[in-house]
Amino acid sequence: MSEKRKHVYEALLEGATQGLSGKALYEFVLERCPKATSKKIVRASLLAFADPDLKDRNVLHTIYASPLRID
């Protein structure tokens, strides 16, 4: 995993762990990674679903239920 994608992934997990969802989660990731695009954030969320070490259902549910693209 590239460093940029890993940084977005970690920001996404941190925000979801803090209980952020929806637009708040999206904005949190953009604050931490200003150059992140919707495409990068979606890829990071897919990595979260594929990560066998991530077992917290609440975090996964928060990521799944959040719109990761704000128009």
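In case you missed it, the structure is sitting above this.
What you are looking at is a predicted structure, and each value in this text was computed from that prediction instead of being measured.

Asks: How should I be thinking about the nonpolar core in this particular structure?
Replies: Within soluble globular proteins, side chains that are nonpolar tend to cluster in buried spots. Counting residues in each nonpolar core, the largest one holds 18 residues, and the members touching the most others are Val8, Leu13 and Ile63. Ranked by residue count, the leading element in this core is helix H1 (residues 3-17), at six residues. The residues touching Ile63, leaving out its near neighbours within four places in the chain, are Leu12, Leu13, Ala16, Ser45, Ala48 and Phe49.

Asks: Honestly, a nonpolar patch on the surface in this entry has me stumped. Any pointers?
Replies: A cluster of nonpolar residues, Val42, Leu46, Phe49 and Tyr64, forms a patch on the protein surface that exposes about 430 Å² of accessible area. The element that contributes the greatest number of residues to the nonpolar patch is helix H3 (residues 38-50), accounting for three residues. For Tyr64, the location among the structural elements is in helix H4 (residues 57-65). Judged by relative accessible area, which is 65%, Tyr64 ranks as exposed.

How each quantity is defined
Residues numbered from 1 in each chain as written. Predicted model: local features only at pLDDT ≥ 70, side-chain atom pairs only at ≥ 80, totals over all residues. Heavy atoms only, no water. Core = buried A, V, L, I, M, F, W, Y, C linked by side-chain atoms within 4.5 Å. Buried < 20%, exposed > 50% of the residue type's maximum accessible area, 1.4 Å probe, protein only. Helix = DSSP H or I, 4+ residues; strand = E, 2+ residues; numbered from the N terminus. Contact = heavy atoms within 4.5 Å. Patch = residues over 30% accessible without salt bridge, like charges linked within 9 Å, V, L, I, M, F, W, Y side chains within 5 Å. Areas by Shrake-Rupley, 256 points an atom, 1.4 Å probe, with all protein chains shown as cover. Salt bridge = Lys/Arg side-chain N within 4 Å of Asp/Glu carboxyl O.

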